[in-house]
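One letter stands for each residue in the lines below.
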Amino acid sequence: MRVVHTFAEARDTTGVDLALVPTMGYLHEGHLSLIEKAKAETSVVCVSIFVNPTQFDAAADLSSYPRDLERDLALCEAAGVDTVLVPSAEEVYPEPLDPIDPGPAAEGMEGAHRPGHFEGVATVVHRFLTALDPHHAYFGRKDAQQVAVIRTMAAEHGLDVEIVPGSTVREQDGLALSSRNVRLGLDRARAVGISESLFAAADAAEAGERSAAGLQALVELELQVRGLQPEYVTLADAVWMKPVGEVHREAVLATAVPVGDVRLIDNIVLAPAGPGVVVDRGVRLDRPSILYR
Ligand code: AMP
């Protein structure tokens, strides 16, 4: 495995089917599932580790973001990664980059609650995609709106890259894996209420409830009885991330919930199937996550 610090070194694989898995480090099984998928589908896998300051809207979130490069490199090595790119801020932002407009998919939900977040994401991902020129780039559906923003940004800019989404990976009890979970402390017990509330809506959708009003109200109620107050609960179409009145094509039911000092997001994906709805709840680990090792 090569560990490199510049785009030029990471690009040193011309002619191969290069896959990029961008991360902010403190890796867990969500990242590893993207790496595994990339390894199965392409020939050379590059994982980038860069905690991008411009996508943090809260200084405290940036300064407390967990970091452990040695641990990440060992996990990448064990996962069979070919190249790990660990760029400096100067490498990523040699001069102030013109911000990339994250487009209409960025307007609601996370975009409305985290000013500047998706502009930061679109700008840094555009930089990585143009500097590395990968054939495929892998992103997790845990951040469903991010997938939509990056897809539309790549199309808008004519980037010749396939954006490949991966399933949400969850802890054994259902909590979506996030590097931020290690900061939950005693609030970890309450955090599982987020996935439980979404899964209650999944059960209702599978039993015939298709309306946004019904599904959103159910999630809000389930969160409330667990002592959780969401910033939003929204049913949105999966491509443009615009609120929809019911599940008539693929949609995400997404929420953001502060739990103590940590803000968590999660979603389930719903799609019409004949008279009913099928729900993708992601995949659960069958053992404790490496996050806590
Ligand atoms: P991050 O390091 O949090 O920026 O995440 C890097 C990539 O991993 C992004 O594409 C995320 O969507 C993805 N990811 C993070 N958590 C999960 C998860 N629980 N399941 C699947 N993918 C994830």
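Right above here is the structure, for reference.
Notes on the structure in this doc start here. (Residues numbered from 1 in each chain as written. Predicted model: local features only at pLDDT ≥ 70, side-chain atom pairs only at ≥ 80, totals over all residues. Heavy atoms only, no water.)

### Here's the deal with the pattern of salt bridges
Line of reasoning, step 1. Per the stated rule, a full pass over the model turns up 18 salt bridges.
Line of reasoning, step 2. Of the charged contacts in the structure, one is a salt bridge between Arg188 and Glu171, with a shortest N-O distance of 3.0 Å. Residue Arg188 is located in helix H9 (residues 188-206), and its partner Glu171 is located in the loop between strand S7 (169-170) and H9; the two are separated by 17 residues in the primary sequence.
Line of reasoning, step 3. For Asp203, the salt bridge is made with Arg281, and the minimal N-O distance between the two is 2.8 Å. Taken together, the positions of Asp203 in helix H9 and Arg281 in the loop between strand S11 (276-280) and strand S12 (283-284) put the pair 78 residues apart, joining distant regions of the chain.
Line of reasoning, step 4. Residue Asp203 is classed as partly exposed on the basis of its relative accessible area of 44%.
Line of reasoning, step 5. Overall, the relative accessible area of 23% leaves Arg281 in the partly exposed class.
Line of reasoning, step 6. Connected through salt bridges with shared partners, the residues Asp61, Arg180 and Arg183 form a single ionic network. (Salt bridge = Lys/Arg side-chain N within 4 Å of Asp/Glu carboxyl O. Helix = DSSP H or I, 4+ residues; strand = E, 2+ residues; numbered from the N terminus. Buried < 20%, exposed > 50% of the residue type's maximum accessible area, 1.4 Å probe, protein only.)

### Brief notes about the site of the ligand
Line of reasoning, step 1. Around the ligand sit 17 residues in total, of which Met24, Gly140, Asp143, Val169 and Leu177 are the nearest.
Line of reasoning, step 2. Residue Val169 places a main-chain N or O atom 2.9 Å away from a nitrogen atom belonging to the ligand.
Line of reasoning, step 3. A distance of 2.8 Å separates a nitrogen atom of the ligand from a polar backbone atom of Leu177.
Line of reasoning, step 4. For the ligand, the protein covers 93% of the area, taking 480 Å² as the surface of the free molecule.
Line of reasoning, step 5. Those elements giving two or more residues to the shell around the ligand turn out to be strand S2 (18-23), helix H2 (29-41) and strand S5 (136-140).
Line of reasoning, step 6. For the shell around the ligand, the element with the highest residue contribution is H2, accounting for three residues. (Near = heavy atom within 4 Å. Polar contact = N/O pair within 3.5 Å; in protein donor to acceptor, adjacent residues only side chain to side chain. Areas by Shrake-Rupley, 256 points an atom, 1.4 Å probe, with all protein chains shown as cover.)

### Section: the environment of His248
Line of reasoning, step 1. Residue placement: His248 occurs in the loop between strand S8 (232-237) and strand S9 (251-259).
Line of reasoning, step 2. By relative accessible area, which is 44% here, His248 ends up partly exposed.

### Regarding helix H7 (residues 117-132)
Line of reasoning, step 1. Between its first and last C-alpha atoms H7 spans 22 Å; for 16 residues at 1.5 Å apiece the expected length is 22 Å, and the two agree.
Line of reasoning, step 2. Of all 16 residues in H7, 14 are buried; the element is thus mostly enclosed.
Line of reasoning, step 3. The positive-phi residue at the C-terminal boundary of H7 is Asp133, with phi of around 55°. (Expected span 1.5 Å × (residues − 1).)

### Focus on the side chain of Gln145
Line of reasoning, step 1. Summarising the element assignment, Gln145 is placed in helix H8 (residues 144-156).
Line of reasoning, step 2. Residues in contact with Gln145, not counting those within four places in the same chain, are Ala105, Ala106, Glu107, Gly108, Met109, Glu110, Gly111, Phe118 and Met241. (Contact = heavy atoms within 4.5 Å.)

### Describing the pairing of strand S3 (residues 44-49)
Line of reasoning, step 1. Extensive coverage of S3 is indicated by the burial of six of its six residues.
Line of reasoning, step 2. Alternating residues of S3 divide into Val44, Cys46 and Ser48 and Val45, Val47 and Ile49, and every residue in both groups is buried.
Line of reasoning, step 3. Sheet topology places S2 next to S3; six bridges connect them, and they run parallel. From the neighbouring strand, Pro22 faces S3, where its bridge partner is Ser48.
Line of reasoning, step 4. Running through H2, the crossover from S2 to the neighbouring parallel element S3 is right-handed.
Line of reasoning, step 5. Pairing geometry for S3 and strand S4 (residues 83-85), over three bridges, is parallel. Looking across to S4, one finds that Cys46 is bridged to Thr83. (Pairing = 2+ DSSP bridges. Right-handed = clockwise from strand over helix to strand, strands pointing away.)

### Examining the environment of Glu250
Line of reasoning, step 1. Its location among the elements puts Glu250 in the loop between S8 and S9.
Line of reasoning, step 2. Once residues lying within four places of it in the same chain are set aside, the contact partners of Glu250 are Arg141, Asp237, Ala238, Val269, Leu270, Ala271 and Pro272.
Line of reasoning, step 3. A polar contact of 3.0 Å, which involves the side chain of Glu250, links it to the side chain of Arg141.

### Some points on the pairing of S9
Line of reasoning, step 1. Counting buried residues along S9, eight of its nine residues qualify, which places the element largely inside the surrounding structure.
Line of reasoning, step 2. Pairing geometry for S8 and S9, over six bridges, is antiparallel. Bridge pairing in S9 links Thr234 to Ala254.
Line of reasoning, step 3. For S9 and strand S10 (residues 262-273), the ladder comprises nine bridges, and the chain directions are antiparallel. Paired with Ala256 across the bridge in S10 is Ile265.
Line of reasoning, step 4. Hairpin remark: S9 followed by S10, antiparallel, with two residues in the connecting loop; positive phi at Gly260, about 60°.

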